[in-house]
Structures are given as structure tokens and as C-alpha cells.
Amino acid sequence: MATLNTLRTRGGIIVSVVIGIALLSFLLGDFGNTGAKLMNDRKMKVGTINGEKIGYAEFADKVDVYTKALETMYGSQSLSAEQQENVKNQVWQALIMQYAWEPGFEQSGLQVSENEQIDMVDGSFISPVIRTTFTNPNTGTFDPAIVRNFVTQIDKDPTAALVWNFIKDQMIQQRYLSKYITLVAKGMYVTDLEVEQGVANSDITSAISYIVKDYSQVADSTIDISQAEVKKYYDAHKNIFRQTASRDIEYVLFDVLPSDSDYVDAEKHINEIAAEFAVSETPLQYATLNSQNPTEKRYFTEDQLPAELAAFAFGANSNGMYGPTKEGDMYTMARVADSKMLPDSVGVRHILIGADQKATADSILNALKGGASFAELSATYSQDPGAKAKDGDLGVFQPEQMVPEFSEAVLETHKGDYFTVQTQFGIHVGQVTYKSEPKKKVQLATITYKIEPSETTQQTIYANASKFISEAAGSYENFEKAATDNSLSKRVVRIKNTDRNVSGINNSREIVRWAYNGNKGDVSAIMEVDGNYVIAAITGVSEDGIAPLETVSPQIVSILREQKKGEILAQEMTGSSLAEVASKLNLEVKEAANIDFNSFYIESVGVEPKLIGAVTGAKENTLSKPVAGQKGVFLFDVTSRAKVDNVTPESEKVRLEASAQAYIMERVNQALTEQSKITDNRVKFF
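Note that this is a predicted model, so its numbers are computed, not measured.

1. Considering the sheet that holds strand β12 (residues 426–435)
Reading across from one edge, β10-β9-β12-β11 is the order of the 4 strands in this open sheet, with antiparallel pairing throughout. Edge strands, defined here as strands with exactly one partner in the open sheet, are β10 (393–397) and β11 (418–423). For this sheet, the mean inter-axis angle between neighbouring strands, taken without regard to orientation, is 30°. Sheet topology places β11 next to β12; 6 bridges connect them, and they run antiparallel. Pairing of Q422 across the sheet is with I427, part of β12.

Take a look at the structure:
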């Protein structure tokens, strides 16, 4: 189990190492609250991957397995909401790998054989998952001894086997993806012609004279766009209107905040506590019993405390009391419970044995005092493989970096002396090898008290929310009228099924889940979110796929209107020279320089990619054709070209290769996801 304890400090790294693709974000929810309407085969489907239906039970079972593994690695009885979210993301990614990617990889000839898996654990090509998981906590580097020690426990300890299967899954997934990306990358290369063209595009700059006529000079009212034109454009460009599922909602928020009477009551209460705290003979015990936040028992130097608190703790009035002070809704008061001369850093070596081996610990201690070799005893008895590899040495560290029992024992022991202490890891037989120069440190007894809304205040606010819901229930029209009648501000937001929170509200996954289980026009019940009350209405529903014509019609009208304006303006911009056209249209001739094909921006003009392309392809001293750009229609002359040494063939090849590699990572993710035919309905359950 010593190795499991080591792993518990490394569990979080696996989450980020596994597959180098952005994972989706989901928060654990209460499935029971989704109601009986979900309890049928059709709606118990979490999603589909490559034609395979992913049922709720399959997904939940795998989440349970991953959760137990990570709880062991974190050394925790339960995971935080963020950790639970990461578990679901990992499980979903594992299912995508199982049902879509792995079959495709294997069809392509990619495999991760048993021999290769052995090599990934204890060979020449160690998996990044293994390397970052089994690290020595003292050195922060990979330690093969920890891996070997852990593997020996798999057949003996079911918990170790559970963790190992989890690690193995991540290791294999990572290797499959790494092989695939490498395979694709080997097929990407840069030709000499591409390098030559890239150098030419960068090493030739153009200067131009130009005129521009803005689209705004043609009134919108003069442009007619028929429904047939909109439909024709939509049919020809459907792919640009591809959308992901989303919900548009409006909501009102009832903030549950302390009332004026709550502030008065809090001040009275804190003054009563302060009076007792000021005369208490056991300030640390009093603070522990009366502070809302846990009281730290560690000792602080002057520079480790906020300036005002440090001035009190190390000043002439340190026997008194600091505060009460109020910042926002938080009161703080403190007393100095103790002061000592303590080192900032210590050095220790230890021998770790099982908690049930006290007699062995006593024997080791007696042997050390009798002159026995610490290194030999560590090699024989210690269950800490990392320290054992260094003759038991833990290095130099700050006392608070270790568990409190261990730190206290070290601080109470003189340099060179031995000690024994029992912690959650077992019994430590140790020796202090170093102590820095001691300096004054203080232990503070600190009481914090946050002003909270009283039960009466909460009931009043809930009554206001109930009044609103009775007026708003039934339809969006009622919701809108109730908000106006009650002078409430509506907030508008678009949410995706991958959103963990609604913008502006923390811990609001419940609202996202509600929105994806509802229909347009639905008004929610009162939802308690992050301590406040929220009532929402669904105003729009979009599903994965091509957006409906009626949804994108205004966007298409805007595109077509600009195109027609461009055609009208282009017809006006005719003449034998730029000066002639400028004079006829009463436009100013302007200048721009240093334009090359790789430019993104033209100084004094702005972002105009079509103009840049036209300039680099135009003949010098020849009037161009009108160019419909971002802001208007341009007409220009290339007045001069210059050769500059911006890049060399060597540097351009490096740039193009780097660009290709970045493109691979982006496109591999996109292509694999598209080919996997994924429908993700987790939001309806979690």
C-alpha cells in the first residue's frame, strides 16, 4: 500500500496526460431528478458512437469504476465536482476510443501488443502515463522501482488491481493515438516548390495607391433580396451553416443576500464573541470552536502574514487582540497563541515500516543508536522505495510540507538525533540531518465569521420568487410580462450541452440540464443555484446539423445585400486611371505600403485578405479591377515593388513544416471526431 500512497499524489496528472485532445466538460448531476419520463429505453440512451448506442447503465458503470480508481489514487473517499466532471470526460473519451477509434486504428494496421505494453511499463519506451504517474515524491522524477513494487501488489490487492486496470486503459489509449498521429505526420512534407513560393510571397512587398467606396454609401432600403435568392444561396452553401446543439434561455435571478437586520445581528454576535475571545486563556481552542473556517495551527514568520496582521503579531501589542475587522461580509479577529524560534527548512532521513510493526521500529531505533548503518537498515526494512534508493534521505524541505505529525516530531528533535512517529503512512524511524537558523515564528488563533442571510431573509426572498413563478408559469409571454411588472432584469444567454455553467452563475449545471430536457417556451420551476434562486425560460432550440433556413435567413440577407452593394459600387468605379475614377466619384487617393502575400493586416486599411491577394497577384502600374473587400469596394494601382530579405529557404521550410504539424493536430482531432458519428446526450442525465 505504500506505493498506492505515492500514487495518491500523482492521480491528477493522469487526467491531463491521457489523450492530447480537448475533453468536454460535464458536472455530476442527480439522475433521479430527471423524472419518470426518462425511464424508458429510448431516453435511457446517453448517446451514440459510430452507430453503437451508449446506454445509461454502461456509462454509469464505467464512471463508477474510474471513480473508485481515482479515489484510491487521490487518497479520498469522494471526488470533488471538478474531479467527477473529469471522470465523465475520461469515460466518454474511452468509449469513443473503444467503439470508434480503436477499430479504425486496427483496420489501419495499428496495434498495441502485449509485448509492447510490457515495454511501455518496464522497457526502453516508457509510456508518458507511466512516467508521470510513478514519480518519486521527493525528486519529482520517474522511478522504475515504484512501478515494480506496485506491480507486485496487483495479484494480492484488489484495490491495486483496480488502479492498474485504469492506468493500463489510459496508457493504451495514449499509445494508439500517438501512433496514429505519427503515421499521419509522416505523410506530411513540404515540397521545394512550396518553399520557393513561400519565399517569393514573403520577400516581395508592394506599395499601392488606392480608393475605396464603403458599402454604407448604398442605402439598405434600395436593395431588394427575394426569398428565392435566399433559398438559392442557402442550398449552395449549406455547410457554412453547420451548427452544434444549443439552447437560448432568458432568466431572472433572485440574489439571496443578507438583509439590513442580518448585518445588525451579525455585528452584535461578533462583538459578543470578541469580548469572550479577548479574555480566553486558551485562544487556540476557543478559535477552533468558534471560527467558521478551520484554524491553522502552523507557525508563521513575519513576512508570511498580511502587513496589518504581521504588525500586530510581531509588534508591541501582540499580547492583545487583532480586530474584529470587517472586509466585505467577512469579520476577522486574531490572537497570538504561541511564539517559538523555529527553522524555515529541515533535512531528514527515515525508514518507513508498517503501522503494526512497533516492535520492529523499536529494534531499528535501538540499532541506530548503537551505531548501525542507516543505509543498510533502510535497504532492509524501509517500505518507501523512493527514500530507500537514497539511503533513506528525504532531502531538505519546509516542515509544513509534510503531514503534521511528522513535522512536529522533526521540529522537536535536535539535529543528529533520532525519533519515531506514526502517521497515516506507517511508522517512521527518522534522523534529523539539517536545520536552518531558527527565527521567530508565531502561531495565530484566528476567528473568521461570514455574514449570511438569516432563515427569515431566505424565506422572504423565496416568497418573492414564488410570487414571480405564479405569474410567469405557463408561457414565455407570462414570463416576460412578470419580469416587466416586477421590475426584474432578464439575462439572455446561449448555452451548449458541453457548458458546465450558465454564464454569470457558478455551479449552474442544473440549468443546462433543465434546458436540454425542455422545449421552446418552457418556464422552469424555482431552481436553487449557488445559493440563489433562478427562474428561466427557453426561447430558442438548435440541434446538431445544418441550421434551418428560417434561422439563418437574416444572415443570408445581409450577405446578399453586401454582394449587391458591391456590384453597384463596382459598376461606378470605371475609368482609364485611378485619378480619373477618384475625381469622378469625389474620392481621396490613399497610399499603403509593405504589403506581402503573408500579410494579415494593411496599415491604415485594416484586415482585407481579398485586397492583399489581389495586390500580390496584380501587374505593376496597371489599374486593377474593383475588389469587393470587408468594408467596401477597392480600386488600386501597384506603384512599386521591392525585394526584401524577410525569409530564407531554410527558415521558410521550417515555418511551413511547423505549420503543417500544427495543422495535423487540429485536423486529426476534427477528422476523427467527424468520422466517429458522435451524438452526445449526457447533458440530459448528468
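2. Here we look at helix α18 (residues 455–472)
Three or four residues apart is the spacing at which side chains of an α-helix point the same way, because the helix has 3.6 residues per turn. Helix length check: α18 (18 residues) gives 25 Å between terminal C-alpha atoms against 26 Å at 1.5 Å per residue, within 8%. Elements in contact with the buried residues of α18: β5 (246–254), α11 (260–279), α19 (476–485) and β16 (532–542). Once α18 finishes, G474 follows within two positions and takes phi at roughly 110°, a positive value.

3. Some details on a nonpolar patch on the surface
Together, F600, Y601 and V607 give the surface a local cluster of nonpolar side chains, amounting to about 340 Å² of exposed area. Counting through the fold element by element, V607 comes out in the loop between β18 (590–595) and α23 (609–617).

4. As for the pattern of salt bridges
Enumeration over the complete set of coordinates arrives at 21 salt bridges. Across the pair D220 and K565 runs a salt bridge, and its minimum N-O distance is 2.5 Å. One end of the pair, D220, is in the loop between β3 (204–214) and α10 (227–236); the other, K565, is in helix α21 (residues 549–572), with 345 residues separating them in the sequence. The exposure class assigned to D220 is partly exposed, which follows from its relative accessible area of 43%. One salt bridge in this structure joins K358 and D362, with 3.3 Å as the shortest N-O distance.

5. Re helix α5 (residues 114–122)
For α5, the complete set of buried residues consists of E116, Q117, M120 and V121. Within α5, the buried residues cover an arc of 140° as seen down the axis, which keeps them to one side. Exposed and facing more than 90 degrees away from the buried side of α5 are N115 and I118. Looking at the buried positions of α5, the neighbouring elements they touch are α6 (128–133), α7 (144–151) and α8 (158–186).

6. Observations regarding the side chain of S382
You can see S382 is positioned in the loop between α15 (374–381) and α16 (385–388). A distance of 3.4 Å separates a polar side-chain atom of S382 from the backbone nitrogen of L352. With residues up to four places along the chain from it excluded, the contact list for S382 reads H350, I351, L352, L377 and K388.

7. Examining the nonpolar core
Across soluble globular proteins, nonpolar side chains have a tendency to be buried as a group. Judged by nonpolar contacts, the single largest core of 53 residues is most densely connected at F59, I130, F134 and I167. At the level of elements, β1 (45–49), α3 (56–74), α4 (81–107), α5, α6, α7, α8 and α24 (649–675) are the ones that each hand at least two residues to this core. The leading source of residues in this core is α8, at 12 residues. Residue contacts for F59: discarding those within four places in its chain leaves V46, I54, K88, V91, W92, L95, R682 and F686. Core analysis: the next-biggest nonpolar cluster, separate from the first, contains 19 residues, Y251, V529, V534 and A536 among them.

8. A short note on the side chain of E652
With respect to the helices, strands and loops of the structure, E652 is situated in helix α24. Here E652 falls in the buried class, since its relative accessible area comes to 1%. Contact partners of E652, with chain neighbours within four places excluded, come to V195, G198, V199, S202 and V647.

9. Observations regarding unusual backbone geometry
At the junction of G323 and P324, the peptide bond is cis and its omega measures out at 5° in the coordinates. Here P324 shows up in strand β7 (residues 322–327). Although it is not a glycine, N507 sits at a positive phi angle of roughly 50°. Relative to the helices and strands, N507 resides in the loop between β14 (491–496) and α20 (509–516). Taking relative accessible area as the criterion, N507 reaches 47% and is therefore assigned partly exposed. The phi torsion at N621 lies on the positive side, around 60°, for a residue other than glycine. Structurally, N621 is set in the loop between α23 and β19 (627–628).

10. Observations regarding the sheet that holds strand β8 (residues 330–342)
Spatially, the 4 strands line up as an open sheet ordered β6-β13-β8-β7, and their pairing is antiparallel. Edge positions in the sheet fall to β6 (299–300) and β7, since each has one partner strand and no second. One ladder, built from 2 bridges, connects β6 with strand β13 (residues 439–450); its direction is antiparallel. Across the sheet, residue Y299 finds its bridge partner in β13, namely Q443.

About the cut-offs
Residues numbered from 1 in each chain as written. Predicted model: local features only at pLDDT ≥ 70, side-chain atom pairs only at ≥ 80, totals over all residues. Heavy atoms only, no water. Pairing = 2+ DSSP bridges. Helix = DSSP H or I, 4+ residues; strand = E, 2+ residues; numbered from the N terminus. Axes fitted to C-alpha atoms, helices over the stretch in contact; angles between N-to-C directions. Expected span 1.5 Å × (residues − 1). Contact = heavy atoms within 4.5 Å. Patch = residues over 30% accessible without salt bridge, like charges linked within 9 Å, V, L, I, M, F, W, Y side chains within 5 Å. Areas by Shrake-Rupley, 256 points an atom, 1.4 Å probe, with all protein chains shown as cover. Salt bridge = Lys/Arg side-chain N within 4 Å of Asp/Glu carboxyl O. Buried < 20%, exposed > 50% of the residue type's maximum accessible area, 1.4 Å probe, protein only. Arc of directions from axis to C-beta. Polar contact = N/O pair within 3.5 Å; in protein donor to acceptor, adjacent residues only side chain to side chain. Core = buried A, V, L, I, M, F, W, Y, C linked by side-chain atoms within 4.5 Å.

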